[in-house]
Amino acid sequence: QSALTQPPSASGSPGQSVTISCTGSSSDIGSYKHVSWYQQPPGKAPKIIIYEVNQRPSGVPDRFSGSKSGNTASLTVSGLLAEDEADYFCSSYAGANIVVFGGGTKLTVL
Amino acid sequence: QVILKESGPGLVKTSETLSLTCTVSGHSFGDVYFWGWIRQSPGKGLVWIGSIDDRANTFCSPSLVGRVTLYIDMSMRQFYLNLTSVTAADTALYFCATVGPWGSVDSWGQGSLVIVSS
């Protein structure tokens, strides 16, 4: 399984919205509704912020939303805050209890 | 709330075996679908290593099959990773985690840095 493809960087000003893409294949994102997104602040462990394409765990602000179309999933962060500056990773179920991750996107709040 | 903590040597010699332990607290051990391992090379992305369930069924990344062994000891509330024949490319921050039925990594340990060097 190849890694999912994410843009290396994204940026936006406070209050704006930013969308991060995650492109896979028909073997992972295209075949399953099991896409997750993680936020990793500098020097910390990742934290799940979206699962099953568009579900938010308890405590995650509704400024974070997810979607999927074909082989590509997307994470949108609305109303950007300075605290949203972090690395964001996507993952997808790839069958046979295997998971594949994206390479990560560094989100900068200008 | 589940708490996961990785432990193990921070330095492993080239060609030897990397062994890590993940100790679980604060949660019923049997309520988790899978216990997983993920690594992150310095400044790089996350890489799936594999997972194990409470019946000791294992599911490993195709890229690491043959080098990875996963174990679980529910009585000790621990699960384990062995990675054989390590090279510098295995230098990474290793995370243990809980994994949902469809691959969501729901809880993460703080990570354990392992450096491979001759």
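Use the structure listed above.
Okay, so let's go over this structure. (Residues numbered from 1 in each chain as written. Chains lettered and ligands numbered in written order. Predicted model: local features only at pLDDT ≥ 70, side-chain atom pairs only at ≥ 80, totals over all residues. Heavy atoms only, no water.)

Regarding the side chain of A:Gln39
- In this fold, A:Gln39 is placed in strand S3 (residues 35–40).
- A polar side-chain atom of A:Gln39 sits 2.9 Å from a polar atom in the side chain of A:Tyr88. (Helix = DSSP H or I, 4+ residues; strand = E, 2+ residues; numbered from the N terminus. Polar contact = N/O pair within 3.5 Å; in protein donor to acceptor, adjacent residues only side chain to side chain.)

A closer look at the sheet that holds strand S6 (residues 72–77) of chain A
All names here are of chain A.
- Judged by pairing direction, the sheet is antiparallel, and its 3 strands sit side by side in the order S2-S6-S5 without closing on themselves. Looking at which strands have only one partner, the edges of the open sheet turn out to be strand S2 (18–23) and strand S5 (64–69). Taken over all neighbouring pairs, the strand axes of this sheet differ in orientation by 20° on average, direction set aside. (Pairing = 2+ DSSP bridges. Axes fitted to C-alpha atoms, helices over the stretch in contact; angles between N-to-C directions.)

A few points about a nonpolar patch on the surface
All names here are of chain B.
- A cluster of nonpolar side chains, contributed by Leu11, Leu113 and Ile115, occupies part of the molecular surface with about 280 Å² of accessible area.
- By secondary structure assignment, the location of Ile115 is in strand S11 (residues 112–117).
- For Ile115, a relative accessible area of 38% gives the class partly exposed. (Patch = residues over 30% accessible without salt bridge, like charges linked within 9 Å, V, L, I, M, F, W, Y side chains within 5 Å. Areas by Shrake-Rupley, 256 points an atom, 1.4 Å probe, with all protein chains shown as cover. Salt bridge = Lys/Arg side-chain N within 4 Å of Asp/Glu carboxyl O. Buried < 20%, exposed > 50% of the residue type's maximum accessible area, 1.4 Å probe, protein only.)

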